[in-house]
Amino acid sequence: MLKDSAILITYDNKDSLKEALGLCDAAGYEVRKIIQQRILNKSKYGLGEGKVEEIKEMLGSIKPDVIIFDEILKPSQNYNLASTLKTNILDREALILEIFERRAKSSESTLQVKMAQLRYEMSRAKEKVRLAKMGEQPGFMGIGKFEVDIYFNDIKNRMNNVKTKLAKSSTQRALHRQARKRFGFRTVSLAGYTSAGKTTLFNVLTGEEREESPKLFTTLSTTTRKITLKNLEVLISDTVGFISRLPAYMVQAFKSTLEELVYTDVVIVVIDVSDTSLELRKKFKSCISTLDEIGVNKDKMIFALNKSDLTSKEEIMEKANLLGLSDNKRWLAISSTTGFNISQLKTLIYQALDNTPLFEQKNEISKPKIRIDYDD
Ligand SMILES: Nc1nc2c(ncn2[C@@H]2O[C@H](COP(=O)(O)OP(=O)(O)OP(=O)(O)O)[C@@H](O)[C@H]2O)c(=O)[nH]1
Ligand SMILES: [Mg+2]
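Note that the structure is a prediction, hence the values are computed from the model and not measured. (Residues numbered from 1 in each chain as written. Chains lettered and ligands numbered in written order. Predicted model: local features only at pLDDT ≥ 70, side-chain atom pairs only at ≥ 80, totals over all residues. Heavy atoms only, no water.)

Enquirer: Give me the lowdown on the overall build of the protein, citing residues and values where you can.
Expert: In terms of regular secondary structure, the protein is built from 13 helices and ten strands. A total of 376 residues make up the protein; the buried ones form 54% of that total. Restricting the contact set of the protein to residue pairs at least 6 apart, pairs at least 24 apart contribute 73%. (Helix = DSSP H or I, 4+ residues; strand = E, 2+ residues; numbered from the N terminus. Buried < 20%, exposed > 50% of the residue type's maximum accessible area, 1.4 Å probe, protein only. Contact = heavy atoms within 4.5 Å.)

The structure is reproduced here in structure tokens:
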């Protein structure tokens, strides 16, 4: 299949470039030209006007299908860029939504992606109407109050529809969880930044063959399998990866999947220890704040510094220090590809489970711990 081509505009550092290229690849774009800038939030175009002129000149020879802008653009900035460059602009949000759409396989993740898209559409719709009223955006002039209401109501109705379906699957999940607890299963979940190696570790621990790949966001729904640790029957779940600079509503859209993490006995936070210190810290911060936001208790986290086959022992110690894990007994350097320390990790999980009481979840259905709120 012929890939769509793109010009990529991203930040002026290696880590951002690597992540942005990963996102473009995951969305199926061939990047023909990279433009790196220190600042991407200038008011009119995100970029400086000189840079916009420069891009305009390259368009003739590069002929990209889209221009990918690795930051969140306001609708007015998006409109200014698109109309000046006469090319479709995808900002970071729209790009991630495209990836989610390609990857969503289960009916629940499809619904979650749909919800994120509708929220995106709603935020754009408000801005379009605002611009139309100011007479700034010619294409939307003359939009009457009646049409505006129809426009908003249509998006709202579609949102409500998806919301009802998502609520059903959330209740279903809660019922499943209760059933598992009744049978005395203990539960463990994997969490971490996208591409940290969660699915690879899941496969090693369970002997499963799920899709693992260097592409970002390979996993969008949760899979649960049973494993036995000594005398314990344990259910282990793989989850969707986190990423930085994601708008809150997108994290929100995946909350019903991530919600599993709140009710689980132990959360293994998988970290890619081969990342540069800077990247490592940034991703770790983003994971911990997402976990915190969902309401996951710190005491039940175990930290697995994965991909240790790619770095030295000294470097791993240094990085564990950097993340403030050295005083914490619950971390381990592992490699999911070579199998290094996997049996030690199992022992650590067993000990953690042995020390934690079964997760208390009386009245869970009537009083959820986190509120899933899709309204504005
Ligand atoms: N060298 C090395 N590579 C690893 C290790 N674990 C995983 N990988 C590689 O890292 C890449 C990402 O692994 P996945 O398991 O798909 O990552 P994930 O965290 O599930 O990613 P998402 O589902 O996108 O959130 C794959 O190419 C793996 O082969 C490891 O211990 N060592
Ligand atoms: Mg995965």
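Enquirer: Tell me about empty space enclosed by the protein, and please be specific about residues and values.
Expert: For the structure on display, the rule yields two cavities of 30 Å³ or more. If you add up the space inside the largest cavity, you get close to 90 Å³. Looking at the largest cavity, the residues that line it are Tyr193, Thr194, Ala196, Val269, Val270, Ile271, Asp272, Asp275, Leu280, Lys283, Phe284 and Cys287. Elements represented by at least two residues in the lining of the largest cavity include exactly β8 (266-272) and α11 (277-294). Tallied by class, residues from the lining of the largest cavity come to eight nonpolar, one polar and three charged. Empty space within the second largest cavity amounts to approximately 70 Å³. Those elements that place two or more of their residues in the lining of the second largest cavity are α6 (145-182), β5 (186-192) and α10 (260-263). By residue class, the composition of the lining of the second largest cavity is two nonpolar, four polar and four charged. (1 Å grid on protein atoms, 1.4 Å probe; cavity = no way out; pocket = protein on both sides within 12 Å on 5 of 7 lines; lining within 4 Å. Points joined across faces, edges and corners; volume = space filled by probe spheres on them. Nonpolar A, V, L, I, M, F, W, Y, C, P; charged D, E, K, R; others polar.)

Enquirer: Talk me through the sheet that holds strand β4 (residues 88-91); I want residue IDs and the actual numbers.
Expert: If you walk across this open sheet you meet the four strands as β2-β1-β3-β4, and the pairing is parallel. Two strands lie at the open edges of the sheet, namely β2 (29-37) and β4, each paired on one side alone. In this sheet, neighbouring strand axes are inclined to one another by 25° on average, regardless of whether the strands run parallel or antiparallel. Alignment of strand β1 (residues 4-11) against strand β3 (residues 66-69), held across four bridges, turns out to be parallel. The residue of β3 that forms the bridge with isoleucine 7 is isoleucine 67. This element, helix α2 (residues 49-62), spans β1, β2 and β3 of the sheet and lies at about 155° to β2. (Pairing = 2+ DSSP bridges. Axes fitted to C-alpha atoms, helices over the stretch in contact; angles between N-to-C directions.)

Enquirer: How would you sum up the sheet that holds strand β10 (residues 331-333)? Please name residues and give values.
Expert: Each strand in a sheet pairs with its neighbour through backbone hydrogen bonds, running either in the same direction (parallel) or in the opposite one (antiparallel). The six strands are arranged β6-β7-β5-β8-β9-β10 in an open sheet whose pairing can be described as mixed. With one partner strand each, in any of the chains shown, β6 (223-229) and β10 form the two edges of the open sheet. Averaged over all neighbouring strand pairs, the angle between strand axes comes to 25°, with direction disregarded. Two strands pair when backbone bridges link them, and β5 and β8 are joined in this way by five bridges, in the parallel orientation. When the bridges of β8 are listed, serine 189 appears paired with valine 267. Packed on one face of the sheet, helix α7 (residues 198-206) meets β5, β6, β7 (232-238) and β8 and runs near 155° to β7.

Enquirer: Any details on the side chain of lysine 283? Residues and values, ideally.
Expert: Structurally, the position occupied by lysine 283 is in helix α11. Here lysine 283 is in contact with Tyr193 and Asp275, once residues within four sequence places are set aside.

Enquirer: Provide a residue-level description of the site of ligand 1, including the pertinent values.
Expert: Inspection of the region around ligand 1 gives 23 residues, with Lys198, Thr199, Thr200, Thr218 and Asp309 positioned closest. One of the backbone nitrogen or oxygen atoms of serine 195 is found 3.0 Å away from an oxygen atom of ligand 1. Between ligand 1 and the protein, one listed contact pairs an oxygen atom with a backbone N or O atom of serine 336 at 2.8 Å. Out of a free accessible area of 660 Å², ligand 1 has 89% covered by protein chains. (Near = heavy atom within 4 Å. Polar contact = N/O pair within 3.5 Å; in protein donor to acceptor, adjacent residues only side chain to side chain. Areas by Shrake-Rupley, 256 points an atom, 1.4 Å probe, with all protein chains shown as cover.)

Enquirer: Now, about the layout of surface pockets: what can you tell me, with residues and values included?
Expert: Quantified by volume, the largest pocket comes out at close to 370 Å³. Around the largest pocket, the lining is made up of 24 residues, and of these Ser195, Ala196, Gly197, Thr200 and Ser213 lie nearest the centre. No other element matches α7, which puts three residues into the lining of the largest pocket. Among the residues making up the lining of the largest pocket, the classes are represented as four nonpolar, 14 polar and six charged.

Enquirer: Report on the pairing of β5, specifying residues and quantitative values.
Expert: Taken across its seven residues, β5 has seven buried, putting it largely inside the fold. Of the two faces of β5, the one lined by Arg186, Val188, Leu190 and Gly192 and the one lined by Thr187, Ser189 and Ala191 are each fully buried. Inspection of the sheet shows β5 paired to β7 by four bridges, in the parallel sense. In the strand pairing of β7, serine 189 is matched with serine 237.

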